[in-house]
Amino acid sequence: MKGILEDRAIRLGEYIIEHQSTVRDTAAVFGVSKSTVHKDITTLLPKLNSGLYKEVRAVLDVNKEERHLRGGEATKHKYELLKRMRN
């Protein structure tokens, strides 16, 4: 079982870097929970591959800084769509 967890952590990290993906998007692609992705990335990956972890951490830090912008865009899009549907 251990080999599977380590392999998953590395694949998750590589996917996040390659696609500049969020934890939520990565979880959806791999069919696991956001908690699983976060735990694998923050606890397993640093022990397995510190270089990969640093790259992943940089992507996740950018995502964290931008999340309020993505949320605002999603809300804007939602209300524009509702407005169009009413007209």
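Scroll up to find the structure this text is about.
The rules behind the values
- Residues numbered from 1 in each chain as written.
- Predicted model: local features only at pLDDT ≥ 70, side-chain atom pairs only at ≥ 80, totals over all residues.
- Heavy atoms only, no water.
- Helix = DSSP H or I, 4+ residues; strand = E, 2+ residues; numbered from the N terminus.
- Buried < 20%, exposed > 50% of the residue type's maximum accessible area, 1.4 Å probe, protein only.
- Contact = heavy atoms within 4.5 Å.
- Salt bridge = Lys/Arg side-chain N within 4 Å of Asp/Glu carboxyl O.
- Phe/Tyr/Trp six-rings, centres within 6.5 Å; stacked < 30°, edge-to-face > 60°.

Here we take up the environment of Val 37. Inspection of the secondary structure assignment puts Val 37 in helix H3 (residues 34-48). By relative accessible area, which is 0% here, Val 37 ends up buried. Taking the C-alpha atoms as reference points, Val 37 and Gly 13, separated by 24 residues in sequence, lie 9.0 Å from one another. Aside from chain neighbours lying at most four places away, what touches Val 37 is Leu 12, Ile 16, Val 23, Thr 26, Ala 27 and Val 32.

Now for the pattern of salt bridges. In this structure the tally under the stated criterion is three salt bridges. For Asp 7, the salt bridge goes to Arg 11, with nearest N and O atoms at 3.5 Å. With Asp 7 and Arg 11 both in helix H1 (residues 2-19) and four residues apart, the pair spans about one turn of that helix. Two residues, Arg 8 and Asp 40, come together in a salt bridge whose shortest N-O distance is 2.6 Å. Separated by 32 residues along the polypeptide, Arg 8 in helix H1 and Asp 40 in helix H3 bring together distant segments of the chain. Both residues of the pair, Arg 8 and Asp 40, belong to the buried class.

On to the packing of aromatic side chains. Applying the stated rule across the entire model yields one aromatic pair. Residues Tyr 15 and Phe 30 carry aromatic rings whose centres are separated by 5.5 Å and whose planes lie at 85 degrees to one another, so their mutual orientation is edge-to-face. Here Tyr 15, found in helix H1, pairs with Phe 30, found in helix H2 (residues 23-30); they are 15 residues apart in sequence, far enough to count as distant. With a relative accessible area of 19%, Tyr 15 lands in the buried category.

Nothing here speaks to function; it is geometry throughout.
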